[in-house]
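# Structural overview
Take a look at the letters that make up each chain.
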Amino acid sequence: MSDQSQPTRPTAIRLLLVLLPLAAILGSFVWIASLDPLRSFNNGAPPVESLTVERTVLDQTGIQILVRAGGSEAMQIAQIAVDDAYWTFTQNPPGPIARGSAVWLQIPYPWVLGEAHHVALVSNTGTVFGHEIAVAVPTPQATAGQFRMQALVGALVGLLPVALGLMFYPAMRGFGTAGMNFVLALTVGMLAFLLLDMIAEATELAAEAAAMFQGSAMVWLSALASFLLLMAIGRWRGRPEGLALAFYIALGIGLHNFGEGLAIGGAFAAGAAGLGTFLVLGFALHNVTEGIGIAAPMLRIRPPLWSFAALTLLAGAPAVLGIWVGSLAYAPQWSALALAVGAGAILQVMVEVSAYLQRQNSDRQAILFSPAVLGGFLGVCCRTVLNPTLSSFRPPVLPCE
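To start, this report covers the structure provided alongside it.

Definitions and limits used
- Residues numbered from 1 in each chain as written.
- Predicted model: local features only at pLDDT ≥ 70, side-chain atom pairs only at ≥ 80, totals over all residues.
- Heavy atoms only, no water.
- Helix = DSSP H or I, 4+ residues; strand = E, 2+ residues; numbered from the N terminus.
- Buried < 20%, exposed > 50% of the residue type's maximum accessible area, 1.4 Å probe, protein only.
- Contact = heavy atoms within 4.5 Å.
- Areas by Shrake-Rupley, 256 points an atom, 1.4 Å probe, with all protein chains shown as cover.
- Pairing = 2+ DSSP bridges.
- Axes fitted to C-alpha atoms, helices over the stretch in contact; angles between N-to-C directions.
- Expected span 1.5 Å × (residues − 1).
- Bend = angle between axes of the 7 residues up to and from the residue.
- Polar contact = N/O pair within 3.5 Å; in protein donor to acceptor, adjacent residues only side chain to side chain.
- Core = buried A, V, L, I, M, F, W, Y, C linked by side-chain atoms within 4.5 Å.
- Patch = residues over 30% accessible without salt bridge, like charges linked within 9 Å, V, L, I, M, F, W, Y side chains within 5 Å.
- Salt bridge = Lys/Arg side-chain N within 4 Å of Asp/Glu carboxyl O.

It is worth spelling out the overall build of the chain at this point. Broken down by element type, the chain carries 10 helices and 8 strands. Per-residue burial for the chain yields a buried fraction of 45% across its 401 residues. The long-range share in the chain, meaning contacts at least 24 apart out of those at least 6 apart in sequence, stands at 79%. Accessible surface for the chain amounts to roughly 20100 Å². Of this, 68% is attributable to carbon and sulfur atoms.

To continue, consider unusual backbone geometry. Among all residues save glycine, negative phi is the norm, and among peptide bonds the norm is trans. A cis amide bond links Asn92 with the next residue in sequence, Pro93, at an omega value of -5°. By secondary structure assignment, the location of Pro93 is in the loop between strand E5 (90–92) and strand E6 (102–107). For Asp83, which is not glycine, the phi torsion reads 55° and is therefore positive. Among the secondary structure elements, Asp83 is positioned in the loop between strand E3 (77–82) and strand E4 (85–87). Positive phi, normally seen in glycine, also occurs at Asp84, with a value near 70°. On the basis of relative accessibility, which here comes to 76%, the residue Asp84 falls in the exposed class.

This part takes up the sheet that holds strand E2 (residues 62–69). The strand order across the open sheet formed by 4 strands is E1-E2-E6-E5, and the pairing between neighbours is antiparallel. The sheet is open, and its two edges are formed by strand E1 (51–59) and E5, each paired on a single side. Averaged over all pairs of adjacent strands, the angle between their axes in this sheet comes to 25°, without regard to strand direction. The pairing of E5 with E6 spans 3 bridges and is classified as antiparallel. Note that in E6 the partner of Thr90 across the bridge is Gln106.

Turning to the environment of Phe129, a few remarks are in order. Locating Phe129 in the fold gives a position in strand E8 (residues 128–133). For the pair Phe129 and Glu49, spaced 80 residues apart in sequence, the C-alpha to C-alpha distance is 9.7 Å.

Moving on, we come to helix H2 (residues 144–166). Over its 23 residues, H2 runs 31 Å from end to end, which matches the ideal 33 Å to within 8%, given 1.5 Å per residue. The largest bend in H2 is about 45°, located at Ala155. Of all the positions in H2, only Gln146, Gln150, Val153, Gly154, Val157, Gly158, Pro161, Val162, Gly165 and Leu166 are classed as buried.

Another aspect to go through is the side chain of Asn257. Assignment of secondary structure puts Asn257 in helix H6 (residues 242–270). Polar contacts involving the side chain of Asn257 include one to the main-chain carbonyl oxygen of Ala315, which spans 2.7 Å.

Attention shifts here to the nonpolar core. Counting 45 residues, the largest nonpolar core has Leu191, Ile294 and Val353 as the members making the most contacts within it. At the level of elements, H2, helix H3 (169–172), helix H4 (177–208), helix H5 (215–234), H6, helix H7 (277–295), helix H8 (305–329) and helix H9 (332–359) are the ones that each hand at least two residues to this core. Once you skip the residues sitting within four places of it in the chain, Val353 turns out to touch Leu184, Thr187, Val188, Leu191, Leu245 and Ile249. Leu51, Leu105, Val119 and Ala136 belong to the second-largest nonpolar core, a separate cluster that totals 22 residues.

We now examine a nonpolar patch on the surface. On the surface, Leu15, Val18, Leu19, Leu22, Ile25, Phe29, Trp31, Ile32 and Leu35 cluster together into a nonpolar patch covering about 910 Å² of accessible area. Along the chain, the position of Trp31 falls in helix H1 (residues 11–35). A residue is classified by how much of its surface remains accessible, and Trp31, at 54% relative accessible area, is exposed.

Attention shifts here to the sheet that holds E8. Ordered in space as E4-E3-E7-E8, the 4 strands form an open sheet in which the pairing is antiparallel. The strands lining the two open edges of the sheet, one partner per strand, are E4 and E8. Taken pair by pair, the neighbouring strands of this sheet meet at an average axis angle of 30°, ignoring direction.

What follows is the structure, given as structure tokens:
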């Protein structure tokens, strides 16, 4: 018995059928939150308090600390001790700190350049939260000269490597089928490396964020949502190929470079960025393969010259933007979220490039195990060796204990 085709519903009806369950889920969550079903289990015990230090600023006025409350109820900072001595402090905004809210604490402490300092935050219930300043250095100020220097670093680790990689496009145009398969496989391997790198960085940053953000779940759900959204957009009018696929690759790499820029910018703000010449060279060499990967889907077409500039900006400029944002408003949860969204974009590009690789060859199963493809996958191991760790740029953001 043959299957009968289902009648095609109008787009508005299909959209409504998707939005109704989503609205029901949202309404259920709001109802449960307002009902507070665990309220009856309250046995009079003091509320659980949690405090996370998100940012530390050292200047001529003393120490400024941005803290976020993550406990079950509002809490209040009663005293602050620096190096076992209690100091007066001002809080902005004043008053109890609501769950999920952040406040600045200003401590007029004469910190010593190059020394370590321990800050103890004492709540009105007597709970002590410790924060360590490993090396006291003045926090860089947001000036035009500082922005220019950060933009130069971002261009060196983001824009320049992508542009250099795209310069291999004329040479790769002469590749045959085996050569093109090698480059596409190398692109998939490079994207897989970026995916693992971003997930590892995102989960590590999420662990440093306040517990209320549910860091691990936030990372995985954000990555999944990003992947599904970009897949839907990419397949809206068929499967992307050629220049369109190159732009998707550049977008995924750009989101990855934005996450790298956030980490570097946060380290600038904390005065913890030791950017040596060899480390910058390592980043640049490490990112050259990104430009090669962007060029891979365009080997059988002749794209206009403007597209190379646009692809370079899309993939590399987010590194500059990330450094600026990270230096002004670094927070581990937002950096983790940006990296998770980038990881979802990278996964979507991996799926599309793998599908494109199979469509370019008649034997779709055998092509995955051909010497050219296996060689491309193994070639990404060289990129792993050249990968400079981002831990050198990680600002000292630690949960209070």
